[in-house]
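# Observations on the three-dimensional arrangement
Residues per chain, in single letters:
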Amino acid sequence: MSVVTGLAEQVLNGLTVGMVYVLLAAGLSIIFGVMDVINFAHGELFALGAYLAFAIAGPLGGAGFWVALVVAPLLVGVVGMGIERLTVKRLYDRDPLYHILLTFGLVLIINDLITAVWGKSAQPFAIPALLDRPVALFGFRYSLYSYAMICFGALLALGTWLLLNRTRFGMIVRAGSQDREMVRTLGIDIDRYYTLTFGFGAALAGVGGIVLGAFQNVSPTMGSSVIIPAFVIVVLGGLGSFRGAVVGGLFVGLVQTLARTYTPFLEGLVVFLLMIGVLVVRPTGLFGTAHEGGHGGALLHGAKGGVLSAETRTKLGAAAVGALALVPLFAELTGAAYTVTLLEDILIWALFALSLDLVLGYAGLVSLGHTLFYGAGAYAAVLALLHVSSSIPLALVVAVGVCAALAWGIGFLSIRVSGVFFAMITLAFAELFYNAVFKFEFTGGSDGLFGVDGVYGIAGVGVDLSTVEVVLGPVVVDGGVVHYYVLLAVVVGSYLLARRLIRAPFGSVLQAIRESEQRASFVGYDVTVYKRRAFVVSGGLAGLAGGLFATNNGYVAPTFLHWINSGEVIVMTVLGGMGTLYGPMLGAGVFVASEDVLSSYVEQWRLVIGVLFVLFVVFVPRGLVSLPRTVLDHPTVQSWRREPGTVTDGEAEHE
């Protein structure tokens with residue numbers, strides 16, 4: 001094969017994949033441009049389209065693919081309209097963060113439904129016989145199906161452009177994206193158009209899933225594998241820009257394919273480097289315009305959701321720590337050793353959620369890439385144990401220091417943008433690091449690093465906990481129990497440190513920035529500096545959480561840096577009640593314990609968690625800590641109370 005022929009083949013491969021990206025990103029961009037909704041479930045709608053087509057085409061034989069290509073996107077569109085009507089519509093007056101949270105819950109629901117119906121294994125989805133052959137053009141043989149994908153995608157993109165720019169439907173949708181109330185005042189039911197737009201975007205994703213499913217196969221992970229590249233495309237092209245989605249989709253498809261062939265080391269890195277560069281230099285993307293903040297409202301924190309006095313909460317907190325301290329002893333007596341292991345996981349995730357709350361709940365920074373610090377802390381601790389010292393405390397110090405330095409550098413580049421752009425750039429950094437750890441030998445590549453041991457001490461003097469065993473009557477205190485107490489002390493100490501920071505003038509400024517960044521700036525505070533300081537502290541604590549997990553379990557792997565961790569820790573933070581410090585820790589406990597219990601008894605446990613989480617986002621947006629206030633403020637309960645308002649707002653402030 002000549003160089004020219006090889007290059008032509010790779011360009012065609014890039015255009016084939018790029019056209020799938022165009023269909024996926026176009027739907028994502030239209031939904032965001034019109035409704036300001038960042039739809040994390042778009043990838044799962046993509047996968048749903050592929051599976052529905054697979055189910056339709058199988059029984060129909062030869063003509064099945066063509067029937068499925070029409071029917072399956074329509075079904076996905078109906079599903080999308082149902083999602084918009086039942087859930088997304090209720091959140092239009094809230095911050096875009098809630099759209100991310102809601103659609104993250106939908107990811108869990110749709111993905112588990114797919115695996116429940118079609119199983120967890122990939123399924124072959126045959127190309128129609130008419131297109132399943134090579135064709136020679138200009139003396140060059142190439143797959144006819146790939147040519148068909150490129151032509152079909154181009155025609156569909158052109159049709160979408162004409163729909164948005166040359167029809168009354170498109171005119172109303174574009175007007176509604178600029179000023180929803182104005183369109184409603186003209187007597188147009190703009191909500192109906194929003195529903196149709198969401199359904200249309202979902203149908204485009206379904207079409208993309210079908211054509212890619214036949215090109216490769218259909219699998220439950222195909223949605224999660226394309227959603228991050230789709231976000232890269234809409235950011236490069238410009239959030240809400242259809243033209244940007246088309247150009248960005250083709251560009252990313254070509255870059256990924258050419259990098260895979262000619263510069264394998266840069267595969268998986270180059271698109272995220274481009275994404276970061278574009279966001280730093282031109283946050284609106286290549287073809288986007290300045291985002292006005294849309295129709296969203298403020299973040300809803302749970303600081304005023306409590307009904308207990310500060311003194312009572314302090315006593316309850318002390319009692320909770322005392323109870324946690326007694327758990328290992330009861331576990332020894334009852335033989336329930338697994339309880340200690342579960343609590344260790346909860347404590348680590350609680351610390352991770354606490355770290356995120358410092359920037360999300362107090363500074364209003366939505367970090368979609370916080371798992372970067374968690375994973376980097378784990379890698380730093382393990383590498384320090386392997387190459388510097390066997391001291392676990394020193395490894396944890398290294399983890400905190402490395403992550404604080406990373407947070408400073410990333411914060412320096414990221415905090416100059418805000419809102420969804422900040423969320424996207426942090427996601428890009430996390431994906432950059434996630435892909436990078438596969439490239440290097442010192443990180444262990446895709447296997448990670450295993451079998452790491454350390455001692456609690458320094459300079460060669462310390463205690464190996466695996467050798468510890470103290471008999472106290474019926475209770476045997478071994479190294480595992482001692483490690484649990486160390487972990488508990490570190491987490492409680494981190495909480496007290498965070499509380500001290502929030503009660504200090506530094507914390508007051510952060511909360512002022514959260515309430516009104518402009519006013520805080522007017523009274524003389526450098527909001528960028530305060531945000532960056534909070535980001536550094538948050539990154540350091542997240543690194544500590546990762547380091548604790550790695551040293552406790554003796555390994556680290558690339559999964560520590562996977563974006564799903566960022567999603568889950570945001571879920572925990574909002575579930576508990578952001579802006580309260582203790583709320584996210586409570587949310588982490590409920591999430592991890594629910595996950596553990598449900599996974600033991602229910603195969604589709606993610607579906608259950610997803611449904612519960614969606615209900616929480618819609619009906620209890622201030623989190624678990626606000627439940628007592630929500631119940632007490634209910635009219636029925638109010639009528640039973642003699643004196644409404646158990647405590648004042650000041651007493652109900654955060655701890």
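Notes on the structure in this doc start here.

Conventions used here
- Residues numbered from 1 in each chain as written.
- Predicted model: local features only at pLDDT ≥ 70, side-chain atom pairs only at ≥ 80, totals over all residues.
- Heavy atoms only, no water.
- Helix = DSSP H or I, 4+ residues; strand = E, 2+ residues; numbered from the N terminus.
- Contact = heavy atoms within 4.5 Å.
- Expected span 1.5 Å × (residues − 1).
- Buried < 20%, exposed > 50% of the residue type's maximum accessible area, 1.4 Å probe, protein only.
- Pairing = 2+ DSSP bridges.
- Axes fitted to C-alpha atoms, helices over the stretch in contact; angles between N-to-C directions.
- Parallel < 35°, antiparallel > 145°, perpendicular 65-115°, else oblique.
- Nonpolar A, V, L, I, M, F, W, Y, C, P; charged D, E, K, R; others polar.
- Patch = residues over 30% accessible without salt bridge, like charges linked within 9 Å, V, L, I, M, F, W, Y side chains within 5 Å.
- Areas by Shrake-Rupley, 256 points an atom, 1.4 Å probe, with all protein chains shown as cover.
- Salt bridge = Lys/Arg side-chain N within 4 Å of Asp/Glu carboxyl O.
- Lys, Arg positive; Asp, Glu negative; His and termini not counted.
- Charge placed at Lys NZ, Arg CZ, Asp CG, Glu CD.

Glancing now at the environment of Leu432. As for its position among the elements, Leu432 is in helix H16 (residues 419-436). Along the sequence, Leu432 and Gly82 sit 350 residues apart, while their C-alpha atoms lie 35 Å from each other. Dropping the residues within four chain positions of it, Leu432 is found in contact with Leu269, Phe272, Leu273 and Ile276.

Let's shift gears to helix H23 (residues 605-619). Taking 1.5 Å of rise per residue, the 15 residues of H23 would be expected to cover 21 Å, and the 21 Å separating its terminal C-alpha atoms lies within 8% of that figure. Every buried residue belonging to H23 is among Trp605, Ile609, Gly610, Phe613, Val614, Val617 and Val618, and all of these are buried.

Bringing the pairing of strand S2 (residues 140-143) into the picture now. Strand direction decides the pairing type here: strand S1 (residues 134-137) and S2, joined by four bridges, are antiparallel. If you follow Ala136 over to S2, its bridge partner there is Arg141. What sits between S1 and S2 in their antiparallel hairpin is a turn of two residues, with Phe138 showing a positive phi close to 55 degrees.

With that settled, consider the packing of helix H10 (residues 242-262) against helix H11 (residues 270-281). The interhelical angle for the contact between H10 and H11, taken along N-to-C directions, is 140 degrees, at an axis separation of 9 Å. As the angle between them shows, H10 and H11 are arranged oblique. Across the interface between the two elements, Phe251, Val252, Val255, Gln256 and Ala259 from H10 touch Val270, Val271 and Leu274 from H11. Residues belonging to the contact of H10 with H11 are distributed by class as follows: seven nonpolar, one polar and no charged.

For the rest of this paragraph, the subject is a positive patch on the surface. Together, Arg85, Lys89, Arg90, Arg168 and Arg192 make up a positively charged patch on the protein surface. The topology assignment puts Arg192 in helix H8 (residues 190-215). For Arg192, a relative accessible area of 44% translates into the label partly exposed.

Per the counting criterion, the structure on display carries six salt bridges. A salt bridge links Arg260 to Glu267; the shortest N-O distance between them is 2.9 Å. One salt bridge connects Lys531 with Glu517, and the closest N-O pair in it is separated by 2.8 Å. Of this pair, Lys531 sits in helix H20 (residues 527-553) while Glu517 is found in helix H19 (residues 517-522), placing the two residues 14 residues apart along the sequence. When its relative accessible area of 4% is taken as the criterion, Lys531 is described as buried.

The backbone of Asp36 sits at a positive phi, close to 60 degrees, despite the residue not being glycine. Within the secondary structure, Asp36 is located in the loop between helix H1 (3-35) and helix H2 (42-60). In this structure, Leu581 takes a positive phi of about 65 degrees despite not being glycine. Relative to the elements of secondary structure, Leu581 occurs in the loop between helix H21 (563-576) and helix H22 (582-601). Residue Leu581 is classed as buried on the basis of its relative accessible area, which comes to 0%.

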